[in-house]
Amino acid sequence: MCGIVGYVGHRNALDVVVEALRRMEYRGYDSAGIAILDGRGGLAVERKAGRLANLEAELDEVGRDRFAGTAGMGHTRWATHGRPTDRNAHPHRDASGRVAVVHNGIIENFAPLRAELEHAGVELASDTDTEVAVHLVARAYAEGPTAGDFVESARTVLRRLEGAFTLVFAHADHPGTIVAARRSTPLVVGVGDGEMFIASDVAAFIEFTRDAVELGQDQVVVITKDSYVVTDFDGNPDVPTQPFTIDWDLAAAEKGGHDYFMLKEIEEQPGAVADTLRGHFVDGRIVLDEQRLSDQELRDIDKVFVVACGSSYHSGLVAKYAIEHWTRLPVEVELASEFRYRDPVLDRSTLVVAISQSGETADTLEAVRHAKEQKARVLAVCNTNGAQIPREADAVLYTRTGPEIGVASTKAFLAQMAANLLVGLALAQARGTKYPDEVAREYEDLAAMPERIAQLLTTMEPVRELARELSASPAVLFLGRHVGYPVALEGALKLKELAYMHAEGFAAGELKHGPIALIEDGLPVIVVMPSPKGRAVLHSKLLSNIREIQARGARTVVIAEEGDETVRPFADHLIEIPSSPSLLQPLLSTVPLQVFAAEVAQSRGYDVDKPRNLAKSVTVE
Ligand code: AGP
């Protein structure tokens, strides 16, 4: 999730833009850049991989006077397409160097657009999806019906783009104008006195103005120092916008008004899953990000290992059910820290799926290296473009959640589950164990989940109330069956790592083999019920388990699908989730557990973003 800022006004644009990028550093990034309209018909651009300090050092090196002007834009990039290098850093320019663009999001149809440009003799200088936009605008401005009209040239191009994007364009011929567009990713206008701002988040301009206007879907805004004009992509001015006054301080602005990044990231989960899925179903086929494994090599696979740690390991446990069901391949899910020490049986026909949000977890990285030594193929599911694990893998599928600041994994976990299912579909597709129409249907089911997650997030207040009520409990148990079992494990991990409360997840069928001895009067037990439309036996057996623990005094908290009335008599607290296909239910049933754990932690007065003893990326074994 990149940071974007545009400015037109009376101040030194370079100072405004660089300071704005600094205020958005919390978003996480791997490169930064600026473009300044110098008012003498020039457009000065500088960009560097790495921290903002690298860019600032470069600006000092070349001389900041080269970047004099009162209009410009800046960008901090979180790489999706193309590694975090100087050449892939934004802004990107057309061949003339007179048009520049910065971008947040994903242009899904960049490949055919890139081919069209290359066919027209345009040489693209980067590996990014973004660059196609600036060449298209430059060409629309140079010739054809919108020649010479900067805004119309931009609108013409915007109508051709598919995906989720915020785009900001600058043109040296128009030094007092910035053009920006929004589809599915945030974009806000900051309305100043004799100056205007455009940004991906209010933290960029909050020190200059608190008057803001949130843009709506498929809208274009043209800013000058005294005006902002909003239209749709066709130029119609009668479009809804959302003026508001920012009443947050900077710290709150960075967290979107939440007290903690984790709470903001829980709310970002619909978009994180949608962005992770976006662009991976092209012309009726599942496509990964980097696939240096042919379909034949995937067909030769006769066994799958999943290696990961913590929540990433739990996402792998969920994936096991779908991958085995769809591909008929045996899937073993292993803790990365155990994997290489047990001398696993690996060979060229083994696929090892390494799941890691950071891409730097030492245990998982060493497991990948061990697998490679044994000639196994490695596919990485990772949230960090250019990290060590994807660099050493044979194929990569990136989750696209943007940086996850909270130590406890939330949006990355849901995105991993979605990505893992894409891997399963890619395997089934390559091996022919699912017909193309079946793959399409599964993808459609998956693509419908972000909306359900968003709907579920609006119903979490009772969960927070329950969490506050139970915050003094000595322990909480979690039960699940089938895909609900890994969810139970994840719910327990969240409570442990955030509220420092003893918690344990069990396969519900295991209760009678020992854990039921733990049940005592008033002990909260959270049960993840499968869909009543799924395997009836799972549902009825779990209902029996609830009766068994309730008979022994447990306080039952049941997560069940809306309309599942059979559980109501046995639930001291019922948390309803939207209906969904059984294999996809973890994308929903996990959410209340995240909210529950965060609220218990807050009730206990703990820092939800920085739990004690934990690091976001465990780079030591
Ligand atoms: C989960 O909330 C933790 N953040 C932790 O278990 C994490 O999932 C684990 O350390 C793996 O990290 P990775 O995904 O970056 O490899």
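Higher on the page you've got the structure.
Residues numbered from 1 in each chain as written. Predicted model: local features only at pLDDT ≥ 70, side-chain atom pairs only at ≥ 80, totals over all residues. Heavy atoms only, no water.

Undergrad: Describe the packing of aromatic side chains, with residues and values.
TA: According to the stated counting rule, one finds 7 aromatic pairs in the structure shown. Among the aromatic residues, those joined into a cluster by ring pairs are Tyr7, Phe197, Phe205 and Phe208. Lying over the aromatic face of Phe570, Arg547 brings its terminal NZ or CZ to 5.2 Å of the ring centre. (Phe/Tyr/Trp six-rings, centres within 6.5 Å; stacked < 30°, edge-to-face > 60°. Lys NZ or Arg CZ within 6 Å of the ring centre and 35° of its normal.)

Undergrad: Talk me through the packing of helix α15 (residues 436-447) against helix α16 (residues 449-457); I want residue IDs and the actual numbers.
TA: Taken N-terminus to C-terminus, the directions of α15 and α16 make an angle of 25°; their axes are 5 Å apart at the nearest point. On the basis of the axis angle, α15 is roughly parallel to α16. Between α15 and α16, the residues in contact are Asp445, Leu446 and Ala447 and Met449, Pro450 and Arg452, respectively. A breakdown of the residues in the contact of α15 with α16 according to their chemical character gives 4 nonpolar, no polar and 2 charged. (Axes fitted to C-alpha atoms, helices over the stretch in contact; angles between N-to-C directions. Helix = DSSP H or I, 4+ residues; strand = E, 2+ residues; numbered from the N terminus. Parallel < 35°, antiparallel > 145°, perpendicular 65-115°, else oblique. Contact = heavy atoms within 4.5 Å. Nonpolar A, V, L, I, M, F, W, Y, C, P; charged D, E, K, R; others polar.)

Undergrad: Give me the pattern of salt bridges: which residues, what numbers.
TA: Evaluation of the coordinates by the stated rule reveals 41 salt bridges. Of the charged contacts, one joins Lys48 and Asp86 as a salt bridge, the two residues approaching to 3.2 Å between their closest N and O atoms. Of this pair, Lys48 sits in strand β3 (residues 43-49) while Asp86 sits in the loop between β4 (71-77) and β5 (92-93); the two residues are 38 residues apart in sequence, bridging distant segments of the chain. On the basis of relative accessibility, which here comes to 22%, the residue Lys48 falls in the partly exposed class. Residue classification places Asp86 among the partly exposed positions, given a relative accessible area of 33%. The shortest N-O distance in the salt bridge between Asp173 and Arg98 comes to 2.4 Å. Here Asp173 is found in the loop between β7 (163-171) and β8 (178-183), whereas its partner Arg98 is found in the loop between β5 and β6 (99-107), with 75 residues between them in sequence. Residue class for Asp173 comes out partly exposed when judged on its relative accessible area of 35%. (Salt bridge = Lys/Arg side-chain N within 4 Å of Asp/Glu carboxyl O. Buried < 20%, exposed > 50% of the residue type's maximum accessible area, 1.4 Å probe, protein only.)

Undergrad: Got a sec to walk through the packing of helix α1 (residues 13-23) against helix α2 (residues 52-62)? Specific residues and values, please.
TA: At a minimum axis distance of 10 Å, the contact between α1 and α2 shows a crossing angle of 160°. In terms of their interaxial angle, α1 and α2 are classed as roughly antiparallel. Where α1 crosses over α2, the handedness of that crossing is left-handed. Residues Leu14, Val18, Leu21 and Arg22 of α1 touch α2, and the partners they reach there are Leu52, Glu56 and Leu59. For the contact of α1 with α2, the class distribution of residues is 5 nonpolar, no polar and 2 charged. (Left-handed = near helix turned anticlockwise from the far one by under 90°.)

Undergrad: Go over α15, please, and point to the residues and values.
TA: Its 12 residues give α15 an end-to-end C-alpha distance of 16 Å, which sits within 8% of 16 Å, the value for a rise of 1.5 Å per residue. For α15, the complete set of buried residues consists of Val439, Ala440, Tyr443 and Leu446. Take α15 and look down its axis: the buried residues cluster within an arc of 120°, on one side only. Where the residues of α15 are buried, they touch α8 (269-277), β15 (281-282), β16 (285-286), α14 (411-431), α16 and α20 (586-603). (Expected span 1.5 Å × (residues − 1). Arc of directions from axis to C-beta.)

Undergrad: Please give an account of the sheet that holds β7 that cites residues and values.
TA: In space, the 6 strands of this open sheet follow the order β5-β6-β7-β8-β12-β13, with antiparallel pairing throughout. A strand with exactly one partner marks an edge of an open sheet, and here the two such strands are β5 and β13 (228-232). Relative to β13, strand β12 (residues 219-223) runs antiparallel, the two sharing 5 bridges. When the bridges of β13 are listed, Val220 appears paired with Thr231. This element, helix α4 (residues 131-142), spans β5, β6 and β7 of the sheet and lies at about 135° to β6. (Pairing = 2+ DSSP bridges.)

Undergrad: Outline the site of the ligand, listing residues and values.
TA: Close to the ligand lie 14 residues; Ser312, Ser356, Gln357, Thr361 and Glu497 are nearest. Contacts to the ligand include Ser356, whose side-chain N or O atom sits 2.7 Å from an oxygen atom. Take Glu497: an N or O atom from its side chain is 2.6 Å from an oxygen atom of the ligand. Expressed as a share of its isolated accessible area of 410 Å², the protein-covered part of the ligand is 91%. Within the residue set of the shell around the ligand, elements represented by two or more residues are α10 (310-327) and α18 (484-499). (Near = heavy atom within 4 Å. Polar contact = N/O pair within 3.5 Å; in protein donor to acceptor, adjacent residues only side chain to side chain. Areas by Shrake-Rupley, 256 points an atom, 1.4 Å probe, with all protein chains shown as cover.)

Undergrad: Before we move on, could you go through the side chain of Asn545 and cite the residues and values that matter?
TA: With respect to the helices and strands, Asn545 occurs in helix α19 (residues 536-551). Overall, Asn545 belongs to the buried group, its relative accessible area being 4%. Residues within four places of Asn545 in sequence aside, it is in contact with Arg481, Ala508, Gly509 and Leu511.

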